Amino acid sequence: RTAGDHGCRMANIHPACKPVSGEFHLLNVQIKEHVAKSFTALLTCNIKVPYMKAVNLEGPPRAGRREAVKDGMELGKKFLAEGEAGARSVCLKLKKTKWTPQQLVNVDEKDLYTNHPLPGFRDSQELFAKEAELFPPGEGWIRHSPTMLVHQHSHVYFVQSGEKAGKYCRQGAGGTGQWVDIEAPHAPQDYDIKVRAASASCVRRGTKFDRAVILNDVTKIARLSLKLALSFVDRPASGFALFQGLRTPEAAQWCAENFHKKLLPRLAEKIHVYKTEELQEILEATLSELDTEVMKSAFPFSGCSALLALLLGNRLVVAGVGDCRVLLLEGEGKASSASRLLDCEGHLEDEEEQLRFWQAGGMVVDGLLHHQQAEKLDDAKRILCAPSVFDVLLAPDDELDVKQVRGAYRKLALKVHPDKQKDKDSVELKAYQYAFARLEESKERLEAMIEEDLEACKQMRRVLHAEVHTRSGAASLLGVDWTPASDSILEEIEKDALKAAKELKKKFSKLQAFVPDFRQAETICDEAVRTMARPCTLESLPRTEALLKEGLQMSRALGVRDMRSPRSVVVMEPKSAAHFVSTSATVRFALLCGPTSALKDEDLIQRAAAHARRPKASALAWNGLAAEAASSAAVCISISPSGKAEAPAKRQKTAQGADTVRGRHILLRHQQVRQADAMLRRDPGRSVQETEELALKTLETLLKTPNQFPKLCRELSDCQTGEHPGQLCGDLGWIAKGQMDAPLDEAIFSLAVNEFSDVISGSRGLHIFQRLA
């Protein structure tokens, strides 16, 4: 060969590389066995771009073949993801890595990359097109094997090559079964609707008990906050929550901060279309998980009513527990109507609910739900509601023996025997019959228990009478130190409490066949252990345990552990409902909790009839109806067809074009605005609540008398535009899209000419806009 020929052949070879032979852009990983009975992973790949080069990487020597296979899998994955540099860094890390038996369980040499083409280096255009097709839509896919991707949250697999290329499948039970073909993921649909939502709360005295949360885009929240992919849900996709605290606001606060961490991972578990019933189950399961966490927290005696809502496309799904409801409002102005989408149970006035919590040991005192107080009951009711056979016949201080039992029986039998109740009506007479029957049964059981084992009887009686929700009561029952402890030694305290509870259960285990209260006694022992394992301090303990004396406004709620165990005076049973939203009409949903939930439907309709497309004004107006409550809150969701205000073809033509509007505004500044404002006219120092109330009053005045705008603007506006003369008062001139903050921009460009906006919150304060042209 001539020197020229040789130079041409070597022109695309990197000076530091030797000429290579074999196929290019194919990755191979194999296991190399050495004479010294060691194994290494060997990665080889010939590349052309940017220079012809042979890549050869070898992992550290391993005593076992499976360890070397694991090294090879890691090398191959890193090479495909980050190239040679990434694979070389893995080589260095593998020298310090020792694989555990658990990490080697699913290692299979068949999963090593063999003749695996590098992405983007196929020479055939047909293969290029095919490769582009073999990547599934959406986010959240990660590499499972050389030929498969897996959606890490839903555990759906996608086959990239081979006979089933382009197929979706799922593995059988336990991850070891056969592969089952499934349908392709749901293709999300964008619905042509506009969603506006706002919350309002008001504290008139005392502490703020309510919490409201609005997630305008749950897919964005999931991606940024939780690193979750929600690519397969219909849009718009929004979440809403409203919580009303019971006793203290701690449970409501915790739920407001954490509900999305429970809801969104559940929503990400499926990439196929959700049935409406499945979405309802997700919301109910989210409430149950929040309840479990509150019951285990440092504030278990706090509680809340809770309401969750999820809008996916044209479906609104709601679920709640406690004092909450959801109202659907349709129409505008005087034509507005309302229907109840969700109305949760638990009102103390409900007869069926009264019977339920009465049988569970609850009673209403001064309008609040408490544990039953024997001194406030007549003999028949006390017998019927006694929590144990001991309480039917004996006072807490009475001696436990057969003589005392029989004496007590004779006295009570004379009082509650049905033959002695001739002046009672049929309902009362039936109650006395049941009371006498329970009296006789309790006498027989107590005599049998005492005869079987008197000492075991005493132990069970002590357990059933223990106040295990207080730390001192739980410690006294278990015989352990009651002193509050730091987190570092809680585990040791819990072990001691578990051991003591186990010994205590053994002492009365003989009575299992004699007494119906045996399971309740075991539950009380377990509750004592949980009390001892709960973190607390000497400073917080009195305040926490003082809540045990406070009654509740509802008999269904989230939290309030002392009313849930050992007897379920309060229950946590969520209800749910769903509604398909019309894409051709404007509707509103009122999410109400606590005091606002008690408002009449007619009052809610009438008060916000003028605010069909103003959710903030609607929520503020509803809050105003609960004026007697110490704290109240509401959320309004307004859904209307996109672009309903003005169709593009019918927009008023202006000299400035379609992307500009002319408007004026009234600015009301409040204390939470911290930034400097060059256009500020004055700083009145109002609270947010005072400012919102003033904004609503101003807006409703303008809706009735629009010509009052210059006067009100000059009087109230905190912007320098309020000093403009005459009809120019508050005038902002011509405004281009993107000129203002996004919420303000969206608000004014969605208005029809001469229409007033909602109460809009911006970086300068609260605004009321009017579009002039």
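To start, this report covers the structure provided alongside it. In this text the structure is predicted, and so the values were computed from the model without any measurement.

Concerning the overall build of the chain
Part 1: When its secondary structure is counted, the chain shows 21 helices and 26 strands.
Part 2: Relative to a compact globule of 773 residues, whose C-alpha radius of gyration would be 28 Å, the chain shows 36 Å and is clearly more extended.
Part 3: With the principal axes as the frame, the chain shows a C-alpha extent of 130 × 95 × 45 Å.
Part 4: Split into buried and exposed, the 773 residues of the chain put 49% on the buried side.

A short note on the pattern of salt bridges
Part 1: Throughout the structure, instances matching the rule amount to 41 salt bridges.
Part 2: Among the salt bridges present, the one from Asp71 reaches Arg62, with a minimum N-O distance of 2.7 Å.
Part 3: Residue Arg62 is classed as buried on the basis of its relative accessible area, which comes to 9%.
Part 4: Note that Lys262 is salt-bridged to Glu293, the shortest N-O span being 3.9 Å. Highlighted residues: Lys262 in helix H5 (residues 250–267) and Glu293 in helix H6 (residues 276–296), separated in sequence by 31 residues.

Points about unusual backbone geometry
Part 1: Backbone torsion omega between Arg235 and Pro236 reads 0°, so that peptide bond is classified as cis.
Part 2: Relative to the helices and strands, Pro236 is located in the loop between helix H4 (218–225) and strand E12 (237–246).
Part 3: In this model, Ser565 is joined to Pro566 through a cis peptide bond whose omega is 5°.
Part 4: Mapped onto the elements, Pro566 comes out in the loop between strand E19 (558–559) and strand E20 (575–580).
Part 5: At Asn115, a residue that is not glycine, the phi angle is positive and equals roughly 50°.
Part 6: Inspection of the secondary structure puts Asn115 in the loop between helix H2 (65–94) and strand E4 (116–117).

Considering the environment of Asp378
Part 1: In this fold, Asp378 is placed in the loop between strand E18 (368–371) and helix H8 (379–385).
Part 2: Side-chain polar atoms of Asp378 contact the backbone nitrogen of Lys381, separated by 2.8 Å.

Overview of the environment of His611
Part 1: Following the sequence through the fold, His611 ends up in the loop between helix H17 (601–607) and helix H18 (615–625).
Part 2: The exposure class assigned to His611 is buried, which follows from its relative accessible area of 1%.
Part 3: Discounting chain neighbours no more than four positions away, the residues touching His611 are Arg588, Ala617, Ser618, Leu696, Leu699, Glu700 and Leu703.

Section: the nonpolar core
Part 1: Leu393, Leu439, Met460 and Phe508 are the most contacted members of the largest nonpolar core, which totals 47 residues.
Part 2: Breaking this core down by element, the ones donating at least two residues are H8, helix H9 (389–393), helix H10 (402–416), helix H11 (426–452), helix H12 (454–464), helix H13 (471–478), helix H14 (490–507) and helix H15 (518–533).
Part 3: Apart from residues lying up to four places away in sequence, Phe508 is in contact with Ala456, Met460, Val463, Phe518, Ala521, Glu522 and Cys525.
Part 4: Counting residues in hydrophobic clusters, the runner-up holds 37 residues, among them Cys255, Leu263, Leu279 and Leu558.

Cut-offs and rules
Residues numbered from 1 in each chain as written. Predicted model: local features only at pLDDT ≥ 70, side-chain atom pairs only at ≥ 80, totals over all residues. Heavy atoms only, no water. Helix = DSSP H or I, 4+ residues; strand = E, 2+ residues; numbered from the N terminus. Rg over C-alpha atoms; globule rule 2.2 N^0.38 Å. Buried < 20%, exposed > 50% of the residue type's maximum accessible area, 1.4 Å probe, protein only. Salt bridge = Lys/Arg side-chain N within 4 Å of Asp/Glu carboxyl O. Polar contact = N/O pair within 3.5 Å; in protein donor to acceptor, adjacent residues only side chain to side chain. Contact = heavy atoms within 4.5 Å. Core = buried A, V, L, I, M, F, W, Y, C linked by side-chain atoms within 4.5 Å.

So, to be careful, I would describe these as geometric facts and stop short of saying anything about function.
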